[in-house]
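# Tertiary structure, described
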Amino acid sequence: QVQLVESGGGLVQAGGSLRLSCAASGRTFSTYVMGWFRQAPGKEREFVAAVSWNGGSTYYTDSVKGRFTISRDNAKNTVYLQMNSLKPEDTAVYYCAAKISSWLTTKYSEYDYWGQGTQVTVSS
């Protein structure tokens, strides 16, 4: 079993930055694909970014490319999402997710473990 705990959310003005963190329990963190998803009120959960087990491969949804960066520190069992140039449309609850199998995917149904989420609010 893997437990994921997100932190770093908050209220920020448009154009600002936040860094989300997701701390994972368990000794097998370094073998998991890690992803970030978000869900705005009244909308479906959507993929944001994913990173391979060693950090060598990353993938982003088009709307965040060039603004968000996903990274991981396997020594600390932590994955990060650096969010720059934030926009009001980035407002959502952000979830961290872990996937046992090795390929990157944008499908939330293929992730095995989820955190409780952290709220990000971007004011205009």
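The present account deals with the structure reproduced in this document. Throughout, a residue's number is its position along its own chain's written sequence, starting from 1. Given that the model is predicted, a residue must reach a pLDDT of at least 70 before its local features are reported, and side-chain atom pairs must reach 80 or more before they are shown or counted; all residues, however, enter totals for whole chains, interfaces and linings. Just so you know, side-chain values use all the structure's heavy atoms and leave hydrogens and water out.

Next up on the list: the overall build of the protein. Helix and strand counts for the protein stand at 0 helices and 11 strands. Secondary structure elements follow DSSP: runs of H or I no shorter than four residues count as helices, runs of E no shorter than two count as strands, and numbering proceeds from the N terminus. Moving toward the C terminus, one meets the helices and strands of the protein in the order β-β-β-β-β-β-β-β-β-β-β. Its C-alpha atoms give the protein a radius of gyration of 13 Å, near enough to 14 Å, the size a compact globule of 124 residues would have. For the protein, the C-alpha atoms occupy an extent of roughly 40 × 25 × 25 Å along the three principal directions. Residues count as neighbours in contact if any of their non-hydrogen atoms are within 4.5 Å of one another. Contacts in the protein between residues far apart in sequence, at least 24 positions, make up 59% of those at least 6 positions apart. Surface exposure here means Shrake-Rupley accessible area, sampled with a 1.4 Å probe, where a residue is shielded only by the protein chains that are shown. Put simply, the protein shows about 6,400 Å² of open surface, and 47% of that area lies on carbon and sulfur atoms. For the protein, the distance from the average position of its 12 positive side-chain charges to the average position of its 9 negative side-chain charges is 4 Å. C-alpha atoms define the radius of gyration, and 2.2 Å times the number of residues to the power 0.38 defines the globule rule. Under the counting rule used here, the positive set is Lys and Arg, the negative set is Asp and Glu, and His together with the chain ends is not counted. Where a charge lies is defined by one atom per residue type, namely NZ (Lys), CZ (Arg), CG (Asp) and CD (Glu).

Moving on, we come to the nonpolar core. We call a set of buried Ala, Val, Leu, Ile, Met, Phe, Trp, Tyr and Cys residues a nonpolar core when their side-chain atoms join them within 4.5 Å. Buried, partly exposed and exposed residues are distinguished by accessible area as a fraction of the type maximum, computed with a 1.4 Å probe on protein chains only: under 20%, between the cut-offs, and over 50%, respectively. Counting residues in each nonpolar core, the largest one holds 30 residues, and the members touching the most others are L4, M34, W36, V79, L81, M83 and Y94. For this core, the secondary-structure elements that each account for two or more residues are β3 (18-24), β4 (33-39), β5 (46-51), β7 (68-73), β8 (78-83), β9 (92-99) and β11 (118-123). Grouped together as the second largest cluster of nonpolar side chains are 6 residues, V33, F37, A50 and Y111 included.

Bringing the state of the cysteines into the picture now. Put plainly, a disulfide is one covalent bond tying together the sulfur atoms of two cysteines. The disulfide criterion used throughout: a pair of cysteine sulfur atoms within 2.5 Å. Across all of its chains, the model carries 1 disulfide by this definition. Through a disulfide, C22 is tied to C96; the S-S separation comes to 2.1 Å. The chirality of the disulfide connecting C22 with C96 is left-handed, given an S-S dihedral of about -75 degrees. Of the two residues, C22 sits in strand β3 while C96 sits in strand β9, which places them 74 residues apart along the sequence. Given the relative accessible area of 0%, C96 is considered buried.

Structurally, the position occupied by R67 is in the loop between β6 (58-60) and β7. Judged by its relative accessible area of 10%, R67 falls in the buried class.

Right, let's get into the pattern of salt bridges. Basic side-chain nitrogens of Lys or Arg form a salt bridge, by our definition, when they fall within 4 Å of a carboxyl oxygen of Asp or Glu. Scanning all chains against the criterion turns up 4 salt bridges. Here D90 ties to R67 by a salt bridge, and the two come within 2.8 Å at their closest N and O atoms. Within this pair, whereas D90 is found in the loop between β8 and β9, its partner R67 is found in the loop between β6 and β7, the two being separated by 23 residues in sequence. Residue classification places D90 among the buried residues on the basis of a relative accessible area of 1%. Three or more residues joined by partner-sharing salt bridges are found here, namely R38, E46, R67 and D90.

The subject of this paragraph is the sheet that holds β7. Strands pair, by our definition, only if DSSP identifies at least two bridges between them. Taken in spatial order, the 4 strands line up as β1-β3-β8-β7 in an open sheet, and their pairing is antiparallel. Single-partner strands in this sheet number two, and they are β1 (4-7) and β7. Put simply, the sheet's adjacent strands are angled 15 degrees from each other on average, direction ignored. Note that β1 and β3 share 4 bridges and pair antiparallel. Its bridge partner lying in β3, E6 is registered against C22. Only C-alpha atoms enter the line fits that serve as axes; for helices the fit covers just the stretch in contact. Angles between N-to-C directions range over 0 to 180 degrees.

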